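# Fold and contact review
Next come the chains, spelled out residue by residue.
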Amino acid sequence: MPGPERKVKRSEVLDLFEPGQPETASTLAEDLPCHQDTVFNRLKELYELEKVKTKKPGGRARVWWIPDPERSVDAEMIDDSDYTSAKDPKILRELAKASESCEPITSVEISEQIDETKDSCYNRLRVMDKRGLIESLKAGSTSKVWWIEEQPTHST
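This one's a predicted model, so the numbers in the text were calculated from it and none came from an experiment.

Our focus in this paragraph is the pattern of salt bridges. Counted by the stated rule, this structure contains eight salt bridges. For the salt bridge of arginine 93 with aspartate 80, the shortest nitrogen-to-oxygen distance reads 2.3 Å. Taken together, the residues span a long stretch of sequence, with arginine 93 in helix 4 (residues 87-99) and aspartate 80 in the loop between strand 2 (61-65) and helix 4 at a distance of 13 residues. One salt bridge connects arginine 124 with aspartate 88, and the closest N-O pair in it is separated by 2.8 Å. Taken together, the positions of arginine 124 in helix 6 (residues 118-130) and aspartate 88 in helix 4 put the pair 36 residues apart, joining distant regions of the chain. Through salt bridges that share partners, Arg10, Arg42 and Glu45 make up one connected network.

Quick look at the environment of tryptophan 146 now. Note on placement: tryptophan 146 falls in strand 4 (residues 143-147). As a C-alpha pair, tryptophan 146 and aspartate 129 span 17 residues in sequence and 8.6 Å in three-dimensional space. Excluding residues within four positions of it along the chain, tryptophan 146 makes contact with Leu95, Pro104, Ile105, Thr106, Ser107, Tyr122, Leu125, Arg126, Asp129, Ile134, Glu135 and Ser136.

Right, let's talk about the packing of aromatic side chains for a bit. A complete count under the given rule lists two aromatic pairs for this structure. Plain terms: the ring middles of phenylalanine 40 and tryptophan 64 are 5.7 Å apart, the flat faces sit at 75° to each other, and that makes the pair edge-to-face. Of this pair, phenylalanine 40 sits in helix 3 (residues 36-48) while tryptophan 64 sits in strand 2, placing them 24 residues apart in sequence. For phenylalanine 40, a relative accessible area of 29% translates into the label partly exposed. Residue class for tryptophan 64 comes out buried when judged on its relative accessible area of 2%. For arginine 62, the ring lying beneath its charged end belongs to tryptophan 64, and the centroid distance is 5.8 Å.

Attention now moves to the packing of helix 5 (residues 107-114) against helix 6. Running from N to C, helix 5 and helix 6 point in directions that differ by 115°, and their axes come no closer than 9 Å. The angle between helix 5 and helix 6 places the two elements in the roughly perpendicular class. Here helix 5 runs over helix 6; the crossing is right-handed. For the pair formed by helix 5 and helix 6, the contact residues are Ser107, Val108, Ile110, Ser111 and Ile114 on the first element and Lys118, Cys121, Tyr122 and Leu125 on the second. In terms of residue class, the contact of helix 5 with helix 6 is made up of six nonpolar, two polar and one charged.

A few words on the pairing of strand 1 (residues 53-58). In the sheet, strand 1 pairs with strand 2 via four bridges, with the strands oriented antiparallel. Bridging across to strand 2, threonine 54 finds its partner in tryptophan 64. Turn length for the strand 1-strand 2 hairpin, with the two strands adjacent in sequence and antiparallel, is two residues, and the turn residue glycine 59 shows positive phi of about 55°.

In this fold, proline 89 is placed in helix 4. The sequence separation of proline 89 and isoleucine 78 amounts to 11 residues, and the corresponding C-alpha distance is 6.3 Å. In contact with proline 89, not counting residues within four places along its chain, are Ile78, Asp80 and Tyr83.

Where helix 4 contacts helix 5, the axes come no closer than 10 Å and their chain directions differ by 115°. With respect to helix 5, the element helix 4 is oriented roughly perpendicular. The chirality of how helix 4 crosses helix 5 is right-handed. Here helix 4 contributes Lys90, Ile91, Glu94 and Leu95 to the contact with helix 5, which in turn contributes Ile110, Gln113 and Ile114. Tallied by class, residues from the contact of helix 4 with helix 5 come to four nonpolar, one polar and two charged.

Rules used throughout
- Residues numbered from 1 in each chain as written.
- Predicted model: local features only at pLDDT ≥ 70, side-chain atom pairs only at ≥ 80, totals over all residues.
- Heavy atoms only, no water.
- Salt bridge = Lys/Arg side-chain N within 4 Å of Asp/Glu carboxyl O.
- Helix = DSSP H or I, 4+ residues; strand = E, 2+ residues; numbered from the N terminus.
- Contact = heavy atoms within 4.5 Å.
- Phe/Tyr/Trp six-rings, centres within 6.5 Å; stacked < 30°, edge-to-face > 60°.
- Buried < 20%, exposed > 50% of the residue type's maximum accessible area, 1.4 Å probe, protein only.
- Lys NZ or Arg CZ within 6 Å of the ring centre and 35° of its normal.
- Axes fitted to C-alpha atoms, helices over the stretch in contact; angles between N-to-C directions.
- Parallel < 35°, antiparallel > 145°, perpendicular 65-115°, else oblique.
- Left-handed = near helix turned anticlockwise from the far one by under 90°.
- Nonpolar A, V, L, I, M, F, W, Y, C, P; charged D, E, K, R; others polar.
- Pairing = 2+ DSSP bridges.

Written out as structure tokens, the structure reads:
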């Protein structure tokens, strides 16, 4: 005997995704007539079916995304002389590497790769986000993920 009819189907949750754009259960729930726990359950099912990818950036936070095979950022095209801060091209190169798998990354992950402090890295990421060079998503109360949409143009 089948169970009760679901109020929100997996396909409805999947339709809300834009490839390469990370989401949280709560951001997706804003567009659906249900609680974020319901969306979280549909996302877990989609992950098990290999329709979405997921990552835990910290604490209890979790982000979900569909890879975008069209997105590609060439790290070699990032020229140090285009940036006033020496940290910016290093950070952008790490984001470009992560863009190959469309995986959003945390400031901690970036700071470990470029041998900078977490705070210093986070502050540069905020500046670059404000300037439109990169994208970010707050995931939970204390976590944030970052990614790069397209080939960055120089910063001032």
